[in-house]
Amino acid sequence: QVQLVESGGGLVQSGGSLRLSCATSGSFVSIDAMAWYRQAPGKQRELVARITSIRSTNYADSVKGRFTISRDNAKNTAYLQMSSLRPEDTAVYYCNADVLTRAGRLIYPWGQGTQVTVSS
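Residues numbered from 1 in each chain as written. Predicted model: local features only at pLDDT ≥ 70, side-chain atom pairs only at ≥ 80, totals over all residues. Heavy atoms only, no water.

S.K.: Describe the environment of glutamine 1, and please don't skip the residues or the numbers.
M.R.: In this structure, glutamine 1 sits in the segment before strand S1 (2-7). Residue classification places glutamine 1 among the exposed residues on the basis of a relative accessible area of 79%. Along the backbone, glutamine 1 and arginine 38 are 37 residues apart, and their C-alpha atoms lie at a distance of 24 Å. Beyond its immediate chain neighbours, meaning those up to four positions away, glutamine 1 contacts Ser25, Gly26 and Ser27. (Helix = DSSP H or I, 4+ residues; strand = E, 2+ residues; numbered from the N terminus. Buried < 20%, exposed > 50% of the residue type's maximum accessible area, 1.4 Å probe, protein only. Contact = heavy atoms within 4.5 Å.)

S.K.: Explain the nonpolar core to me, using residue names and the numbers behind them.
M.R.: One finds Met34, Trp36, Val48, Phe67, Leu80, Met82 and Tyr93 to be the most contacted residues of the largest nonpolar core, which totals 29 residues. Elements represented by at least two residues in this core include exactly S1, strand S3 (18-26), strand S4 (30-39), strand S5 (46-51), strand S7 (67-72), strand S8 (77-82), strand S9 (91-100) and strand S11 (114-119). Sort the elements by how many residues they give to this core and S9 lands first, with 5 residues. (Core = buried A, V, L, I, M, F, W, Y, C linked by side-chain atoms within 4.5 Å.)

S.K.: Which residues make up the packing of aromatic side chains, and what values go with them?
M.R.: Evaluated as defined, the whole model comprises 2 aromatic pairs. Relative to tryptophan 110, the ring of tyrosine 94 has its centre 6.5 Å away and its plane inclined at 85°; by these criteria the two rings are edge-to-face. Here tyrosine 94, found in strand S9, pairs with tryptophan 110, found in the loop between strand S10 (106-107) and S11; they are 16 residues apart in sequence, far enough to count as distant. Residue tyrosine 94 is classed as buried on the basis of its relative accessible area, which comes to 14%. A residue is classified by how much of its surface remains accessible, and tryptophan 110, at 39% relative accessible area, is partly exposed. Among the aromatic side chains, those forming a connected cluster through ring pairs are Tyr37, Tyr94 and Trp110. For the cation-ring pair, arginine 45 lies above tryptophan 110, with the distance from its terminal atom to the ring centre recorded as 4.6 Å. (Phe/Tyr/Trp six-rings, centres within 6.5 Å; stacked < 30°, edge-to-face > 60°. Lys NZ or Arg CZ within 6 Å of the ring centre and 35° of its normal.)

S.K.: Go over the side chain of threonine 77 with me, naming the residues and quoting the values.
M.R.: Note on placement: threonine 77 falls in strand S8. Among the polar contacts made by the side chain of threonine 77, one reaches the main-chain carbonyl oxygen of lysine 75 at a distance of 2.9 Å. Sequence-distant contacts of threonine 77, defined by excluding residues within four places in its chain, comprise Cys22, Ala23, Met34, Ser70, Arg71 and Asp72. (Polar contact = N/O pair within 3.5 Å; in protein donor to acceptor, adjacent residues only side chain to side chain.)

S.K.: Would you mind going over the pattern of salt bridges in detail, with residue names and values included?
M.R.: Here the structure, examined in full by the defined rule, presents 5 salt bridges. Note that glutamate 46 and arginine 38 form a salt bridge whose closest N and O atoms lie 2.7 Å from each other. For arginine 38, a relative accessible area of 6% corresponds to the buried category. When the shortest N-O distance is used, the salt bridge between lysine 64 and aspartate 61 registers 3.1 Å. (Salt bridge = Lys/Arg side-chain N within 4 Å of Asp/Glu carboxyl O.)

Spelled out as structure tokens, the structure:
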């Protein structure tokens, strides 16, 4: 069973910074892409940033230049460094990964989410 666990959320003032972490555990062969999504109240879940196994990245237009996604393949962990935070960044942030299991299947597990609240 593969699990993703996010951490690092919290309450921060506008203009502040936070760093989220997503740790992957369990039995698997490899992890391809890892991504961060967010869901604000009353809105659909949206992609924030994505990073492949060779560290190719893409970002939502709304966070370009402010957020940076990275990963440590040895630790099976992804990070999201968030700077210049705005109240509109307030949401639950979820981690997602493309995982190859020992059975040869690709699965796409989600973490439980971590709340980020930006006060004005």
